[in-house]
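What follows is the residue order along each chain.
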Amino acid sequence: MKRHLSFVVVAGWGLLNALLLTVLMVYGENTMVYWLWGSVVVVLELAALLVLVSSRTGPDQHVRYRVPDRSAGAVAPAAFGFLLVALSFIYGWWLLALAGPLLLVAAALAVRGTTAREE
């Protein structure tokens, strides 16, 4: 199943939406909501099947990616960390508890680097 991990992610997202739909059914929501949310679940599961077919017909997934710079791996955690810092001004200071570890990971990746060591 390692090769088809993308299928599991999309199918899991569809199953999560199906679970949320059952929660709405328990609370007795409007019929239109059932149809709309149910159609979303069907579309997600069809997308999961398309991803499975695509991953079976395509080449194997890459195991390792090369980054052009040693500190390039720090960009994504730093961007999400700074986004959370900016959102903390709007939604509250509790988001700093999430932003702090991300910024520490970004700093560690910037110092250490992520590319393979030269031999």
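The rules behind these values
Residues numbered from 1 in each chain as written. Predicted model: local features only at pLDDT ≥ 70, side-chain atom pairs only at ≥ 80, totals over all residues. Heavy atoms only, no water. Patch = residues over 30% accessible without salt bridge, like charges linked within 9 Å, V, L, I, M, F, W, Y side chains within 5 Å. Areas by Shrake-Rupley, 256 points an atom, 1.4 Å probe, with all protein chains shown as cover. Salt bridge = Lys/Arg side-chain N within 4 Å of Asp/Glu carboxyl O. Buried < 20%, exposed > 50% of the residue type's maximum accessible area, 1.4 Å probe, protein only. pLDDT = per-residue confidence, 0-100. Helix = DSSP H or I, 4+ residues; strand = E, 2+ residues; numbered from the N terminus. Phe/Tyr/Trp six-rings, centres within 6.5 Å; stacked < 30°, edge-to-face > 60°. Contact = heavy atoms within 4.5 Å. Expected span 1.5 Å × (residues − 1). Arc of directions from axis to C-beta.

Chemist: Is there a simple way to think about a nonpolar patch on the surface in this case?
Modeler: Together, W13, L16, L19, L20, V23, V26 and Y27 give the surface a local cluster of nonpolar side chains, amounting to about 770 Å² of exposed area. A relative accessible area of 38% means that V23 is categorised as partly exposed.

Chemist: Would you mind showing me how to read the confidence of the model for the protein here?
Modeler: Close inspection of predicted coordinates is inappropriate in any region flagged by low pLDDT. Model confidence for the protein is summarised by a mean pLDDT of 83, while 80% of its residues fall at 70 or above. Averaged over each element, pLDDT in the protein is lowest for helix 2 (residues 31-57) (89) and highest for helix 3 (residues 75-91) (92).

Chemist: What is the right way to read the packing of aromatic side chains from this model?
Modeler: Each aromatic ring pair is described using two quantities: the centre-to-centre distance and the angle formed by the ring planes. For the structure shown, the criterion picks out one aromatic pair. Between F89 and W93, the aromatic rings sit 5.2 Å apart at their centres with planes inclined by 75°, giving edge-to-face as the arrangement. Summarising the burial analysis for this pair, F89 and W93 share the class exposed.

Chemist: Help me out: how do you make sense of the side chain of S88 in this one?
Modeler: The residue S88 is located in helix 3 in this model. You can call S88 buried: its relative accessible area is 2%. Here S88 is in contact with W93, L95 and L96, once residues within four sequence places are set aside.

Chemist: What should I look at first to understand the side chain of N17 in this one?
Modeler: By the secondary structure assignment, N17 is in helix 1 (residues 5-26). Its relative accessible area of 11% is what places N17 among the buried residues. In contact with N17, other than residues within four places in its own chain, are W37, V41 and L44.

Chemist: Please explain helix 3 as it appears in this structure.
Modeler: The periodicity of an α-helix, 3.6 residues per turn, causes residues three or four places apart in sequence to face the same way. With 17 residues, helix 3 extends 24 Å between its outermost C-alpha atoms, agreeing within 8% with the 24 Å of an ideal straight helix rising 1.5 Å per residue. Here helix 3 has its buried residues at P77, A78, G81, L84 and S88. Buried residues of helix 3, viewed axially, fall in a sector of 125°; they line one side. Turned more than 90 degrees from where helix 3 packs its buried face, V75, F80, F82, F89 and I90 sit exposed. Check the buried side of helix 3 and you find it contacts helix 4 (96-112). After helix 3 finishes, the residue G92 shows a positive phi value of roughly 125°.

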